Structure formats: structure tokens, C-alpha cells
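# Architecture and fold: a report
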Amino acid sequence: MYRCRQLVSQCSTTIKSNLGHGRQRFVGESTTKRFGSDHGYNPPAIKPATLNEMPTPKGSWASEHSKVQAKYNMHLAAGLGFTAFTVFVGYQTGSFYLNLGPELNTEVNVLSHEQVRKQAAEAAAAAATIVEEPVPEPEVVEEVVPIAVVEEAAPVAIVEEVVAVVEEAAPVAEVASVIVEEVAPASVPESVEAVPAPSGNESGPSDQSEVVAAAAAAVAVAGDFPVHVPYLLIGAGTSSFAAFRAIKSRDPKAKVLVIGEENHLPYMRPPLSKELWFSEDPEVANKLRFKQWNGKERSLFFEQDEFYCNPVELNSKDNGGVAVVRGHRVVKLDIVGRKAELDDGRTITYDKCLIATGGKPKSLPSLSSAPKDVQEHVTLFRNIDDFQRLDSISRQVKSITIIGGGFLGSELACALGRRAKSNGLEVLQVFPEDGNMGRVLPKYLSQWTTEKVKAEGVQVLPKAIVEGASLEDNKVVLTLNDGQKIKTDHVVVAVGLDANTDLAVASGLEIDSNFGGYRVNAELEARSNVWVAGDAACFYDIKLGRRRVEHHDHAVVSGRLAGENMTGAGKPYWHQSMFWSDLGPNVGYEAIGIVDSSLETMAVFAKSTAADTPRAVVEATGEGVRSETENAASEQSSLKESSKLHAPVAGEDYGKGIVFYTRNDVVVGMVLWNVFNKIPVARRILKEGLTTDKLAEAAKLFDLHE
């Protein structure tokens, strides 16, 4: 082993020595001279090649070049042919187009100063533009009709029909009526003279089409909304708001025009009878901001003013937008022509249309037929204007009578009763049922609710029907069915809604004879390209049959579905909407399905805690609109044992519980009394068609003893 290492070491030393010796040689020395003698390597001699040894073509060089050139030409021709064929096919199929450049007009039309002034005057006259410079009087004019008469500091007014009658060879220019509604005050000179029509001796428009074109341009600029929109929403309530949000989510560049009768942007209605009345701010009616039960303040309106664009600018928005035209009503739809006619005679065409006109508050025959001086002391409570009026009246009068014992009537009674404790207002509630919400709740629960309303400072008169009304000493005298007379300063009517179907007769739309409202299919479509949502829609429920629902959650869900279907979704309506009512911050209930006191009911109740109140659920979720919190709730349950179903016991305190409404031994509706965030569980029970023999197990899902 030692000998091997020694030989390796010697070889390594020899190699290093030779390499170093080679590096010291001259650069010009060849490899053979440097290494050949030392290592015994003699490379073979290489003989340089000559031209005679190179390969030559069989023929001449010229013939060989011709062959190569012919092959190249063939490839070039084939490439050009393939390129031309590709261009031809692409052009014919529309995959691309050929831009040949603009047509150049080499002729230059030079106008004199006089011609320029005349053309400017003609354009100004046709477009109803105020001209400050005096215009020469016509020589022969039988009749002169001013284009626009503007008073001092007047806003833009109505531009009437312009007709010029000229004797001597003057063309008769007929311009259609242009109606321009007042939009905003404009700066107007103090003195403006009428502009007469040009006489036969003056150079007028060379063709009538120029005047008509100028007038059409004026209409496009002067109108307060476009003449055509892709999406037209009739009604500016909750359903329309949900619809345009759905449209924009599926079509971000959509252009949506909303037309509403009220002079307000879309807003939520539930706080009008709930939280707004519990505000401590005396300016709440003007600010329209309220505190939820958890103390968090929010606006009544769904969006800020900046969210909406000006209707005039809607079609010029590259990214689309939503515009609201307020204070107008659509009176007729041309379904085939896709045209809507407004109350002022103007028309607008559309691609897709939604009818979301909501409902109109009902009145009583004894009040609707009463003298006008009586009706001036009556409020049919429905919108912001009604709230503002009633809020002002309640701070001035000494007594208010509420007619109606349903959701709205009971909520208003509790709200005004609370105010009565601080300012001495007398609040009476009159209704024909045995107790508050007697058409919805079982009798025992309705009577218990009535006691709660009385505790709020309200004088409740059940089983009473108003048969007459008169005015004495500036007070309304209500005559009841038992002969009793009630004197009151003001009357609030809250006896339900009728679907607003004013468009039906003029537009040829079908109305449901049993439930009212526009009959729609499962996709909420009434006719081609016309959908209906909200209170005005009579739809088919696959579980409960044809229905019409008048609650906030239904307005949101149906509006959202209609908006999606307007963009091509094609979804059917299957959602079981819910509704809720609060009798102040401490008592509330939520319901789903068909809740009618005439149906058989079974219930289970438990003792409530501080967490079982409307105030507590809002504090926990931060959301006052409980349809939002309920739809976001989970169907999970801890399956704790609840109280057994039992008949109500006299004097029982109905702290919290579940009421099942059954028809043909199948659950068709449920009321969750002071039980919150369990609507998804109730919705699942309705969907599965639970029978009465399984209600004991179903009651366990609501965790009443948590």
C-alpha cells in the first residue's frame, strides 16, 4: 500500500513539472514541439483541401441555382395563398374587419361672417335658446309666435309649439311640442325680447329637417331623464332597491332608471312604526335618522344621495348607474312596444321592466265617505310624509285614536302610548277583534298581548266597529257599533293594504280575483319582459299555493329575484319569507308561512330571560332589520329538551315560545314569540311538510331552555 502511494506521488510530481515546463515555452511553438517529444505523441499530418476536391453539381452551377430558386418561389406562392385565404375567411366570418381609413373630404366650405351669424341665429331659434342680440324685424309677417317668453329670474319653463307663417315664399317649419319640466333655476337676463320667425326676405333654414334635428337635440338636452333605458323600475320602494342591486351585481355596467311617486329616494318602511317613535331627538322627523334597539344610529334611506346619478347623465355613464325620477307616476305600459307613459304625457322605452308599486292603505267606508273637513283630521299611515305629519300632530293635540288592531295599528299604539307618558297625550285603539293582532295570534296570546299594549298607556277598545264620523268643535266624533261615541283630535287608520294595481287595466295585466295583485309565474314574470315584485305580486308558492305577502322580507327577496331574472337568471321563487313585529324594545315576535288565527294551533312556551327581547337580539347582531339577521342565522340546534306541547293555562306568562299553525295535520305557519335567530329552523320545518304527530320533536329544535 505504501509503494502504491509512492508511485502516485511521483507521477503527480512529474505531470506538474511537465505542465510548468510547457507554460514556459514560447507562445509560437506548436503543440507537437511542446508535448510531442516529451510524451512520444506524433499527430498525423493534415493535408489542406483544394477546390478540385470539393463536390460539384451534375450540371452547371446556373441550372442548380434555377432549381433552388424555383423551389423557393413555390414556397413563397404557397405562403401568400394561405395568408390570403385566411384573411378572406376571417373577413367573411366577422372575426375581424378591414379599416380602410376615413373618407377624406378635400372640399372646403368657407362661410362669410354674415352667413355664420345667420346660421347661429337659426340654430338658436330652433333649439329655443335665449338670444340677447336684437334680430332685424321681418318685413312681411302675418303672425309672430315667440319661441320662449321668460320672466325675470324665472327657471327654465315650458317651451310651447312653434309655428311660423310667412306669406312671401317662406317655408312652413312645423316643430313638435317640447315639454321641459322645471329642473333647476337658470340665470336669465332681466329683459328678454321674443325672437320672431324669419321673413321671406331673410335667409331661413334651407330645409325643414334642419329645424327638426335642432329641436330633437334640444329635447335630448332639456329633458330630465332619458327617452330609453335598458332597465326600468316602476316604484321606488324596497323591492326596487333590492332589484337594482341584483341587476348591478350581475351586470355591473347596467343602466337602471327608477320612477317613484314619492319625493324621496328609496327607504325602509319598518322603522316608520318602530324605532323612529322611540327617538329622543325632536328633529327626528326632519333628519330621518333613528337609533336601533342597541343604540346604534342609522339613516332611514338605503343609500346616500351620492350613490345615485342624475337621470340626464344616466345613458352617458360608461360604467352604468342608477338614477331615480321622483314625484312621477307611470300610468300605462305598452307591453308589445316596451313603452311606459308617465302622468305628464311623456313616454320612455325600455328593454326590461319591473313593477314594484307596493300597496295603498285601506280606509273605512264610514271615513272615506265622510265630509272633507272630517278627512282633514284623518291619516292613512303608510309613508314618510304620513310619519312626519303624525309626529307633528302628536306633539300638538291632546288625543289620537288608532283604528286597527293588526301589526301596524298595534305598533303605532305602543309607540304613541310611550309618548303619551311624557306629554299627557291620550291614545285610544279601536278594532273589531277580541284582542290585538287577533287575526294572527291565537286568542289566548292575543289577549295577553292586549294587556301588554295597555301597560304602554293605551286605552284599548276591542270588539268595536266605527260606523260613522262627524266633526264637532274641531274634533272628530266616531260612532261605534254599540252606540258609544268617541271624541278625538285626530284619527289614524291602519286597517291593511290593497295592492297598487292602477296599471293593470290600462296595460292589459291580469289581477288575481282572490288575493289581489298582479298574477305572475314562478319567475315573477307577468308578461314578456315585465316582472312584478313586492306587495303588488300574487305569486304561486310551491308549498302553500298562490299567495300575496305584504312584508319587508318578501319585498327584499322577491325584488332581488326579479332583478336577477331580468338579467337572464331564470330562477323560480321558492323562498319562505318572514315578517316581524315589535311592541316596543321588550316584546316582539317573528313569523313565517300562513299565520291565521282561524287555523288550528299548537304551542310550547318557556320562561323568558333578559336575552329574549328585540333589544337583546339587536345588541347581539348589530342589525335592526331582523329579516337580515334571520336570513344569516344558522339552522343548528343543541337539541335541548323543551317543554311539552300543552293547552294554555290561565295566568301563564308567555315569556317565549313557538306557535305551530296546522292545516290538514300539516304545519303551514309558525310564530316565534320572543325567540330570535331561529327562522332558518322554522323554514326547514315548513319545507319538509312536518305533520302534527312530530311537533314534540320539532319543538326541541328551538332550544327554549337555553
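Note that the structure is a prediction, hence the values are computed from the model and not measured. (Residues numbered from 1 in each chain as written. Predicted model: local features only at pLDDT ≥ 70, side-chain atom pairs only at ≥ 80, totals over all residues. Heavy atoms only, no water.)

### Quick look at the overall build of the chain
Check the secondary structure of the chain and you find 18 helices and 30 strands. When the 706 residues of the chain are sorted by exposure, 42% land in the buried category. Sequence separation of 24 or more characterises 69% of the internal contacts of the chain that already satisfy a separation of 6 or more. Counting every atom, the chain has about 38800 Å² of accessible surface; 53% of that belongs to carbon and sulfur. (Helix = DSSP H or I, 4+ residues; strand = E, 2+ residues; numbered from the N terminus. Buried < 20%, exposed > 50% of the residue type's maximum accessible area, 1.4 Å probe, protein only. Contact = heavy atoms within 4.5 Å. Areas by Shrake-Rupley, 256 points an atom, 1.4 Å probe, with all protein chains shown as cover.)

### What about the pattern of salt bridges?
The tally for this structure, following the rule as stated, stands at 23 salt bridges. Between E262 and R269 there is a salt bridge, and its shortest N-O distance comes to 3.3 Å. Several salt bridges converge on common partners, so that one network encompasses D391, R395 and R419. (Salt bridge = Lys/Arg side-chain N within 4 Å of Asp/Glu carboxyl O.)

### A short note on the environment of S249
Within the secondary structure layout, S249 lies in helix α6 (residues 238–250). Along the primary structure S249 and G563 are separated by 314 residues, whereas in three dimensions their C-alpha atoms are 9.5 Å apart. Within the local environment of S249, its side chain forms a polar contact with the backbone oxygen of A246, the two atoms lying 2.7 Å apart. (Polar contact = N/O pair within 3.5 Å; in protein donor to acceptor, adjacent residues only side chain to side chain.)

### Considerations on the sheet that holds strand β14 (residues 426–430)
As summarised here, the arrangement of the 5 strands in space is β12-β19-β13-β14-β15, forming an open sheet in which the pairing is parallel. Of all the strands in the sheet, the pair left with one neighbour each is β12 (378–380) and β15 (458–461). Direction aside, neighbouring strands of the sheet carry axes that sit 20° apart on average. Sheet strands in contact with helix α11 (residues 407–423) are β13 (399–403), β14, β15 and β19 (490–493), and its direction is about 165° off that of β14. (Pairing = 2+ DSSP bridges. Axes fitted to C-alpha atoms, helices over the stretch in contact; angles between N-to-C directions.)

### Overview of the sheet that holds strand β21 (residues 518–519)
If you trace the 3 strands from one edge of the open sheet to the other, you get β21-β24-β25, paired in mixed fashion. A single partner strand is all that each edge strand has here, and the edge strands are β21 and β25 (545–547). As judged from the 2 bridges shared by β21 and strand β24 (residues 537–541), these two strands associate in the parallel manner. Paired with R519 across the strands is C538, a residue of β24.

### Brief notes about a nonpolar patch on the surface
A grouping of Y72, L76 and L80 is seen on the molecular surface, where their side chains present a nonpolar patch of about 330 Å² in accessible area. Locating L80 in the fold gives a position in helix α3 (residues 61–93). (Patch = residues over 30% accessible without salt bridge, like charges linked within 9 Å, V, L, I, M, F, W, Y side chains within 5 Å.)

### Details of the side chain of S366
Structurally, S366 can be placed in helix α8 (residues 365–368). The class for S366 is buried, based on a relative accessible area of 12%. At a separation of 3.3 Å, a polar atom in the side chain of S366 contacts the main-chain carbonyl oxygen of V466. Setting aside residues up to four positions removed in sequence, S366 forms contacts with V466, E467, G468 and A469.

### Structural notes on the packing of α6 against helix α14 (residues 552–566)
Interaxial distance between α6 and α14 falls to 7 Å at its minimum, and their mutual angle equals 35°. Crossing angle aside, the handedness with which α6 passes α14 is right-handed. When α6 is examined against α14, the residues T238, S239, A242, A243, A246, I247 and R250 are found in contact with a partner set consisting of H552, A555, V556, S558, G559, R560, G563, E564 and M566. Of the residues belonging to the contact of α6 with α14, the class tally is 7 nonpolar, 6 polar and 3 charged. (Left-handed = near helix turned anticlockwise from the far one by under 90°. Nonpolar A, V, L, I, M, F, W, Y, C, P; charged D, E, K, R; others polar.)

### A look at the side chain of S273
With respect to the helices, strands and loops of the structure, S273 is situated in the loop between β4 (255–260) and α7 (284–287). Apart from residues no more than four positions distant in its own chain, S273 is found in contact with L408, E411 and L412.

### What about the pairing of strand β7 (residues 321–326)?
Burial of β7 is extensive: 5 of the 6 residues sit out of reach of the surface. Taken together, the 6 bridges between β4 and β7 define a ladder with parallel strand orientation. Within the sheet, the bridge partner assigned to L257 lies in β7 and is A323.

### Structural notes on the packing of aromatic side chains
Where two aromatic rings form a pair, the distance of their centres and the angle of their planes describe that pair. Under the definition given, this model contains 13 aromatic pairs. On the numbers, 5.3 Å between centres and 85° between planes, the contact of F241 with F244 is edge-to-face. With F241 and F244 both in helix α6 and 3 residues apart, this pair spans about one turn of that helix. Residue class for F241 comes out buried when judged on its relative accessible area of 6%. Note on F244: relative accessible area 0%, which makes it buried. (Phe/Tyr/Trp six-rings, centres within 6.5 Å; stacked < 30°, edge-to-face > 60°.)

### Remarks on the pairing of strand β30 (residues 666–673)
For β30, the buried fraction is high: 7 of the 8 residues fall into the buried class. As defined by bridge partners, strand β27 (residues 588–593) adjoins β30 across 5 bridges and the pair is classed as antiparallel. Considered in β30, the bridge of I592 is made with M670. Across 7 bridges, strand β29 (residues 656–663) lies against β30 in antiparallel orientation. Bridged to F660 within β30 is M670.

### What to know about helix α12 (residues 443–455)
When the terminal C-alpha atoms of α12 are compared, their 19 Å separation across 13 residues agrees well with the 18 Å that a helix rising 1.5 Å per residue should span. Buried residues of α12: L445, S446, W448, T449, T450 and V453, and no others. Of the surrounding secondary structure, the elements contacted by the buried residues of α12 are α11, β14, β15, β28 (600–606), β29 and β30. Where α12 terminates, the next one or two residues include G457, which has phi positive at roughly 100°. (Expected span 1.5 Å × (residues − 1).)

### Some points on unusual backbone geometry
Of note, N529 is a non-glycine position whose phi angle comes to about 65°, a positive value. The backbone of N664 shows a phi angle near 55°, a positive value even though the residue is not glycine. Take N664: it is sitting in the loop between β29 and β30.

### Some remarks on helix α17 (residues 679–688)
With 7 of 10 residues buried, α17 is to be regarded as a mostly interior element. Every buried residue of α17 is listed here: I679, P680, V681, A682, R683, I685 and L686. G689, located one to two residues past α17, shows a positive phi value of around 65°.

### Some details on the nonpolar core
Residues L232, L233, V256, L257, L333, L354 and I355 are the most contacted members of the largest nonpolar core, which totals 54 residues. Setting aside residues no more than four positions away along its own chain, L333 makes contact with I234, K339, A340, Y350, C353, I355, L503, A506 and S507. Counting residues in hydrophobic clusters, the runner-up holds 52 residues, among them A415, L544, Y589 and W673. (Core = buried A, V, L, I, M, F, W, Y, C linked by side-chain atoms within 4.5 Å.)

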